[in-house]
Amino acid sequence: MKGGGGGGVGGGGGGGKRRWKVLVIGVLVLVILSMLVPLAFLLGLHNGFHSPGFVTVQPASNFESFTRINATKHTQRDVSERVDEVLQKINPVLPKKSDINVGSSDMNGTSGSDIKIRGIPGSPTVVANPSPANKTKIVASGKGTQRKIASTDETWRTCEVKYGSYCLWREENKEAMKDAKVKQMKDQLFVARAYYPSIAKMPSQNKLTRDMKQNIQEFERILSESSQDADLPPQVEKKLQKMEAVIAKAKSFPVDCNNVDKKLRQILDLTEDEASFHMKQSVFLYQLAVQTMPKSLHCLSMRLTVEHFKSASLEDPISEKFSDPSLFHFVIISDNILASSVVINSTVLHAMDSRNFVFHVLTDEQNYFAMKQWFVRNPCKQSTVQVLNIEKLELDDSDMKLSLPAEFRVSFPSGDLLASQQNRTHYLSLFSQSHYLLPKLFAKLKKVVILDDDVVVQRDLSPLWDLDMEGKVNGAVKSCTVRLGQLSLKRGSFDNNACLWMSGLNVVDLARWRELGVSETYQKFYKEQMSGGDESSEAIALQASLLTFQDKVYALDDKWALSGLGYDHYVNAQAIKNAAVLHYNGNMKPWLELGIPKYKNYWRKHLSREDRFLSDCNVNP
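Conventions we followed
- Residues numbered from 1 in each chain as written.
- Predicted model: local features only at pLDDT ≥ 70, side-chain atom pairs only at ≥ 80, totals over all residues.
- Heavy atoms only, no water.
- Helix = DSSP H or I, 4+ residues; strand = E, 2+ residues; numbered from the N terminus.
- Buried < 20%, exposed > 50% of the residue type's maximum accessible area, 1.4 Å probe, protein only.
- Contact = heavy atoms within 4.5 Å.
- Areas by Shrake-Rupley, 256 points an atom, 1.4 Å probe, with all protein chains shown as cover.
- Polar contact = N/O pair within 3.5 Å; in protein donor to acceptor, adjacent residues only side chain to side chain.
- Pairing = 2+ DSSP bridges.
- Core = buried A, V, L, I, M, F, W, Y, C linked by side-chain atoms within 4.5 Å.
- Salt bridge = Lys/Arg side-chain N within 4 Å of Asp/Glu carboxyl O.
- Disulfide = S-S within 2.5 Å.
- Axes fitted to C-alpha atoms, helices over the stretch in contact; angles between N-to-C directions.
- Expected span 1.5 Å × (residues − 1).
- Arc of directions from axis to C-beta.
- Phe/Tyr/Trp six-rings, centres within 6.5 Å; stacked < 30°, edge-to-face > 60°.

1. Details of the overall build of the chain
Piece 1. A count of helical and extended segments in the chain gives 18 helices and 14 strands.
Piece 2. Here the chain holds 621 residues, and 47% of them are scored as buried.
Piece 3. Long-range contacts, defined as pairs at least 24 residues apart, comprise 76% of the intrachain contacts of the chain with a sequence gap of at least 6.
Piece 4. In the form shown here, the chain has an accessible surface area of approximately 31400 Å², with 54% of it arising from carbon and sulfur atoms.

Structure, rendered in structure tokens:
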């Protein structure tokens, strides 16, 4: 037993010696490292590592909260990536740029699956190739004025390519901030923070250290409560002078310039990250505002739906006018009650004889009863309105959903740097899946006029039925500001010089459509391209539509429809006056708060304001 006990003690002594050796070696390693690190800084090796991240600066005093920057933070690129991930989780409102990136929705508020209430998507985007006419070189003048203009314009163009109409809206609604004093305080605060660590390490400058600490704390408190000069407290001039005197005194001492340089670089990194984040946050809020239904319109829809079931009205009898081919038939595909009402009101108002006008409003099940009740309460003179629930129609397609006309943002990433801003971003609107059901829905009709729900009619549209379309299927106004060759389309054979046609106002020869099998052709192209690649359904639908209607579009006179009132702030006033139809294609719809103010009155004057539900729901576009 004693022997065993002695062996145990001996073993414990051997273990203690080994631990002692490990500790000695560890201490030696730490001593060597503590000598090598200062040696490396003395040799200037750190100069090659400016701002690798957010470096911790530790002053000699206990005032660390104003000088220490968390060393665990990532670089600017990492922070930007994290911001992108957060925005993508909320909703993909910032689409990555590719030849065609349409992984979201149309501008009328539908999601990637063409249902608006499913989410808050971003803009389907087509990045256009520069036109040869735009390849203008800019030669800088001797004073650098031209270079400055070109640089500013290129930055503006980059913003438009990335964020679309948000940049147009931001520029037009920019407010001059009266914050010169606030900016001066921020500049002084940054400089004081940069010098503070070096001054705090000087034992002989305790008073200056305390003064700097006090001024930094005071400035941080004031700036946390102030964003413009009007928010600043009185006596701020004295505080600026005091801080300036403290900074001047700090600069009079020999300090380590590398520490100051690091601190300023840290501040620069933080400022750039903050600016990038706020830009993306602003874009997200803008997309949220233009893509979601306003609360007042949702209230209106709910009130009308409840009123419909409370009224216990019988189903409307089937009118013979709905299928009478001798009358003038209009088709509106919409889930927006007010927008549909404005389209019909403006059309009827300018009609020579509205008794021959029949309107077919195709909507979804959610808005069907509200839409129907609205037109019962607000009849449109002597015209006839039929509201159809597309999800309840008996057609071959058993899984039918309402899909609104799709709008694609086209941006030019390069070209003439001095081109006018309205020529950089365009919104193209095309037919959706629902449009290809019309020949079956209206089997007895030979010709219809399709109106988007974001248009306002200013002339009588009756002459459209007398047009000789020369065997074409689709009568539409063509936009030659963007040609097919400028779109980076990956599939199909296109006429590169062909102008693009637009939806909004379309005269459709249904008889010729059925004869040529246009719907079947579209479905064929769509299925072929769906099976041949990994592109989004919206991108495939765009190419399928363009292929389907090649050589089948009859060009209407430009005066029939004018586009751009939903994104272009510089539409010619005379052109607006002369146009038969105004098309608010783009993000800034007239019923939204973000709509372009000077164009809103053309839409607002056709709104029925007598309905009490408008005031109950505070509807005031």
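2. Let's talk about the environment of aspartate 353
Piece 1. In this structure, aspartate 353 sits in the loop between helix H10 (337-349) and strand S4 (357-363).
Piece 2. Residue aspartate 353 is classed as partly exposed on the basis of its relative accessible area of 26%.
Piece 3. For the pair formed by aspartate 353 and glutamine 382, sequence separation is 29 residues and the distance between their alpha carbons is 8.7 Å.
Piece 4. Within polar-contact distance, the side chain of aspartate 353 engages the side chain of arginine 355 at 3.0 Å.

3. Details of the pairing of strand S10 (residues 474-483)
Piece 1. For S10 and strand S11 (residues 499-509), the ladder comprises 6 bridges, and the chain directions are antiparallel. Bridged to serine 479 within S11 is leucine 500.
Piece 2. Where S10 meets strand S12 (residues 553-555), 3 bridges bridge the pair, whose relative direction is parallel. Pairing of alanine 476 across the sheet is with alanine 555, part of S12.

4. Thoughts on the nonpolar core
Piece 1. Leu338, Leu451 and Leu505 are the most contacted members of the largest nonpolar core, which has 70 residues in total.
Piece 2. In terms of residue count, H10 provides more of this core than any other element does, 7 residues in total.
Piece 3. Counting 43 residues, the second-largest nonpolar core is a separate cluster that includes Ile333, Val448, Ile450 and Leu500.

5. Describing the pattern of salt bridges
Piece 1. Applying the stated rule across the entire model yields 15 salt bridges.
Piece 2. Aspartate 211 is the salt-bridge partner of lysine 207, the closest N and O atoms lying 3.2 Å from each other. Of this pair, lysine 207 and aspartate 211 both sit in helix H6 (residues 206-225), 4 residues apart, which is roughly one turn of that helix.
Piece 3. Residues arginine 221 and glutamate 218 are paired through a salt bridge, measuring 2.7 Å at the closest nitrogen-oxygen approach. With a gap of 3 residues between them, arginine 221 and glutamate 218 both fall in helix H6, about one helical turn apart.
Piece 4. For arginine 221, a relative accessible area of 40% translates into the label partly exposed.
Piece 5. When its relative accessible area of 23% is taken as the criterion, glutamate 218 is described as partly exposed.

6. Section: the state of the cysteines
Piece 1. Under the definition given, this model contains 2 disulfides.
Piece 2. With a sulfur-sulfur separation of 2.1 Å, cysteine 299 is cross-linked through a disulfide to cysteine 617. Taking the sign of the torsion about the S-S bond as the criterion, the disulfide between cysteine 299 and cysteine 617, at about -65°, is left-handed. With cysteine 299 in helix H9 (residues 295-311) and cysteine 617 in the segment after helix H18 (612-616), the pair connects residues that are 318 residues apart, well separated along the chain.

7. Quick look at the sheet that holds strand S3 (residues 328-333)
Piece 1. Pairing is mixed in the open sheet, where 7 strands are placed in the order S5-S4-S3-S8-S11-S10-S12. Each having just a single partner strand, strand S5 (384-389) and S12 make up the two edges of the open sheet. Strand after strand, the sheet turns through a mean of 35° between neighbouring axes, direction not considered.
Piece 2. This element, helix H11 (residues 365-377), spans S4 and S5 of the sheet and lies at about 165° to S5.

8. Let's talk about the side chain of serine 403
Piece 1. When you line up the elements, serine 403 lands in the loop between S5 and strand S6 (406-411).
Piece 2. For serine 403, a relative accessible area of 2% puts it in the buried group.
Piece 3. Of note is the side chain of serine 403, whose polar atom sits 3.3 Å from the backbone nitrogen of glutamine 433.
Piece 4. Engagement of the side chain of serine 403 in a polar contact is seen with the side chain of serine 434, the distance being 3.0 Å.

9. Notes on helix H14 (residues 518-530)
Piece 1. End to end, H14 covers 18 Å across 13 residues, agreeing with the expected 18 Å (1.5 Å per residue, within 8%).
Piece 2. Along H14, the positions that sit buried rather than exposed are Val518, Ser519, Tyr522, Tyr526 and Gln529. Here the buried residues of H14 occupy an arc of 105° about the axis, which is enough to place them on one side. Exposed residues pointing more than 90 degrees away from the buried face of H14 are listed as Glu520 and Lys527.
Piece 3. Next to the buried residues of H14 lie helix H12 (438-441), helix H13 (510-516) and helix H15 (537-548).

10. Quick notes on H15
Piece 1. Between its first and last C-alpha, H15 extends 16 Å over 12 residues, near the 16 Å set by a 1.5 Å rise per residue.
Piece 2. With 11 of 12 residues buried, H15 lies mostly within the body of the structure.

11. Regarding the packing of aromatic side chains
Piece 1. Applying the stated criterion across every chain yields a total of 18 aromatic pairs.
Piece 2. Between tyrosine 436 and phenylalanine 549 the ring centres are 6.2 Å apart and the planes differ by 40°, which places this aromatic pair in the tilted class. Within this pair, whereas tyrosine 436 is found in the loop between strand S7 (425-430) and H12, its partner phenylalanine 549 is found in the loop between H15 and S12, the two being separated by 113 residues in sequence. Of the two residues examined, tyrosine 436 and phenylalanine 549, each falls in the buried class.

This is a description of form; function is not addressed.
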